[in-house]
Amino acid sequence: MRKKIVAGNWKMNTLPAEGVELAKGIVAGRGEVCSCVNFIVCPPFTHLSMVAEALKGSDIELGAQNCAAEAKGAYTGEVAASMIAALGCKYVILGHSERRQYYGETSATLNKKMEQAYANGLTPIYCVGENLEEREAGKHFDVVKAQIEEVVYNLTEEQFKNLVIAYEPVWAIGTGKTATADQAQEIHAYIRKVLADKFGAAAAECPILYGGSCKPTNAAEIFAKEDVDGGLIGGAALKAGDFLAIGKGFAK
Ligand code: PEP
């Protein structure tokens, strides 16, 4: 049985006190959602210790949105994987399309970040996905295949057992445009096949999340698909009620 996951990517939103309120709201309503759903929140770095405190005593897990490619040293402005792990993070989002697009993250950088994540006991939520032009040119399968081969294929079998993939079509992120449930299933099944080509049966255990304008009104239909194991949620993760309602989308 694969894990069911609803992860919130808060991006660069909320002041620390607002983040704490949001976390408390999620904790307060968590009991209304099946305990089979694993909730993860990924606030900005500045909020991590305060949000960790607010989550104490609940089963909601903490993640970061990024980590440095190096272990420590003279890298002004960077935050090491060891630092976020020390604050209670269990997960780290890596390869988000906004990091690839605005901060020039390449597969070479991401390989180093993945190493840092694993060296510090973190589970990466590795994001893949095509942009609109690539989708319209029918290149989406090749794009996600390359993003997986160039990074995930470098993992050991042990590391692969601790990996979450998020398929996020760039054209659906923050645009209100969602992939249809069938589009999501088609590419999730393909991703699982690409993973199986390298890791065999272990691919059946890897959670693959959908991300891109996922909200309470469309989550159930998308999560009902066989190879969709939950969602990476941006905008709708900023309201406790919406975030929890997305978790209620699991009927299986
Ligand atoms: C994201 O960026 O991870 C995301 C899925 O954003 P949104 O839900 O706002 O489209």
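Now for a quick tour of the structure.

The rules we used
Residues numbered from 1 in each chain as written. Predicted model: local features only at pLDDT ≥ 70, side-chain atom pairs only at ≥ 80, totals over all residues. Heavy atoms only, no water. Pairing = 2+ DSSP bridges. Helix = DSSP H or I, 4+ residues; strand = E, 2+ residues; numbered from the N terminus. Axes fitted to C-alpha atoms, helices over the stretch in contact; angles between N-to-C directions. Buried < 20%, exposed > 50% of the residue type's maximum accessible area, 1.4 Å probe, protein only. Parallel < 35°, antiparallel > 145°, perpendicular 65-115°, else oblique. Left-handed = near helix turned anticlockwise from the far one by under 90°. Contact = heavy atoms within 4.5 Å. Nonpolar A, V, L, I, M, F, W, Y, C, P; charged D, E, K, R; others polar. Phe/Tyr/Trp six-rings, centres within 6.5 Å; stacked < 30°, edge-to-face > 60°. Lys NZ or Arg CZ within 6 Å of the ring centre and 35° of its normal. Right-handed = clockwise from strand over helix to strand, strands pointing away. 1 Å grid on protein atoms, 1.4 Å probe; cavity = no way out; pocket = protein on both sides within 12 Å on 5 of 7 lines; lining within 4 Å. Points joined across faces, edges and corners; volume = space filled by probe spheres on them. Near = heavy atom within 4 Å. Polar contact = N/O pair within 3.5 Å; in protein donor to acceptor, adjacent residues only side chain to side chain. Areas by Shrake-Rupley, 256 points an atom, 1.4 Å probe, with all protein chains shown as cover.

Pairing within the closed barrel is parallel, and its eight strands lie in the order β1-β2-β3-β4-β5-β6-β7-β8. Strand-to-strand twist across the sheet, computed as the mean angle between neighbouring axes with direction ignored, equals 25 degrees. Examined bridge by bridge, strand β3 (residues 61-64) and strand β4 (residues 91-94) share two bridges and lie parallel to one another. Residue pairing for β4: A64 is matched across the bridge by V92.

Attention shifts here to the pairing of strand β8 (residues 230-233). Judged by which residues are buried, β8 turns out to be covered on both faces: G230 and L232 on one side and G231 and I233 on the other are all buried. Relative to β8, strand β7 (residues 208-211) is paired through two bridges, and the arrangement is parallel. Bridged to G211 within β8 is L232.

The next thing to look at is the environment of G63. You can see G63 is positioned in strand β3. As for G63 and A251, which are separated by 188 residues in sequence, their C-alpha atoms are 25 Å apart.

What follows is about the packing of helix α1 (residues 16-29) against helix α11 (residues 240-247). As a packed pair, α1 and α11 sit with axes 9 Å apart at the nearest point and diverge in direction by 40 degrees. Here α11 runs oblique to α1, going by the angle between their axes. For α1 against α11, the interelement crossing comes out right-handed. Along the contact surface, α1 presents L22, G25, I26 and G29, while α11 presents A240, F243 and L244. Grouping the amino acids of the contact of α1 with α11 by side-chain chemistry returns five nonpolar, two polar and no charged.

Right, let's talk about the packing of aromatic side chains for a bit. Going through the model one piece at a time under the given rule, you end up with six aromatic pairs. Geometrically, the ring pair formed by Y102 and Y103 is edge-to-face, given 6.5 Å between the ring centres and 80 degrees between the ring planes. Across the pair, Y103 and Y102 agree in class, each one exposed. Against the face of Y103 rests R99, its NZ or CZ located 4.3 Å from the ring centre.

Bringing the pairing of β4 into the picture now. Regular strands place their side chains on alternate faces of the sheet. Residues Y91 and I93 line one face of β4 and the alternating positions V92 and L94 line the opposite face, and both faces are buried. In the classification by handedness, the crossover that spans β3, the intervening helix α3 (residues 81-86) and the parallel β4 is right-handed. Summarising the sheet, β4 and strand β5 (residues 123-128) pair through four bridges and their orientation is parallel. Directly across from I93, in β5, lies its bridge partner I125.

Attention shifts here to the layout of surface pockets. In this model, the largest pocket occupies a volume close to 490 Å³. K11, M12, Q65, R99 and Y103 are, among the 18 residues lining the largest pocket, the residues nearest its centre. Considering each element in turn, the lining of the largest pocket owes the most residues, three residues, to helix α4 (residues 97-102). Taken together, the residues of the lining of the largest pocket sort by class into seven nonpolar, eight polar and three charged.

As a structural note, the neighbourhood of the ligand is formed by 15 residues, with K11, H96, E168, G174 and S213 the closest of them. With respect to the ligand, the backbone of S213 contributes an N or O atom lying 2.7 Å from an oxygen atom. When the ligand sits alone it has 300 Å² of accessible area, and the protein chains cover 95% of it. For the shell around the ligand, a count of residues per class yields four nonpolar, eight polar and three charged.

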